[in-house]
Amino acid sequence: MSSSLLIVGADDLGIILKKLSSVGFHEVFHINGRKEKTVKAGIPKNIDMILVLTDFVNHNLSTVIKQKAKSQSIPIFFAKRSWPSIYQTLIKGRTTINN
């Protein structure tokens, strides 16, 4: 199952992009989460899930994205910027969505 994912937070995703691809996320959009101006960022179209990396995100941006996701009925999940945390969160998220 191919899914699109919006990641909010972190300056650089590095190897995480390859790992996301290996678990079925072939369309990954990224919003840097530290700068205040990114609070105005919108959610790209056709996003299946949103992942907020909690240790690298502006608090206001996290709140705004959470509100936008809710208003658009897009599932949103939170994880630290480590592959084990991301992987576990996304697998649980997919299970929740598919049930």
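Reading the values: the criteria
- Residues numbered from 1 in each chain as written.
- Predicted model: local features only at pLDDT ≥ 70, side-chain atom pairs only at ≥ 80, totals over all residues.
- Heavy atoms only, no water.
- Pairing = 2+ DSSP bridges.
- Helix = DSSP H or I, 4+ residues; strand = E, 2+ residues; numbered from the N terminus.
- Axes fitted to C-alpha atoms, helices over the stretch in contact; angles between N-to-C directions.

Observations concerning the sheet that holds strand 2 (residues 25-31)
As summarised here, the arrangement of the four strands in space is 2-1-3-4, forming an open sheet in which the pairing is parallel. The strands lining the two open edges of the sheet, one partner per strand, are strand 2 and strand 4 (76-79). With strand direction ignored, the average angle separating the axes of adjacent strands in the sheet is 25 degrees. Summarising the sheet, strand 3 (residues 49-53) and strand 4 pair through four bridges and their orientation is parallel.

Considering unusual backbone geometry
The phi dihedral of Asn46 falls on the positive side, at around 60 degrees, and the residue is not glycine. Structurally, Asn46 is set in the loop between strand 2 and strand 3. At Ser73, a residue that is not glycine, the phi angle is positive and equals roughly 55 degrees. Within the fold, Ser73 resides in the loop between helix 2 (59-71) and strand 4.

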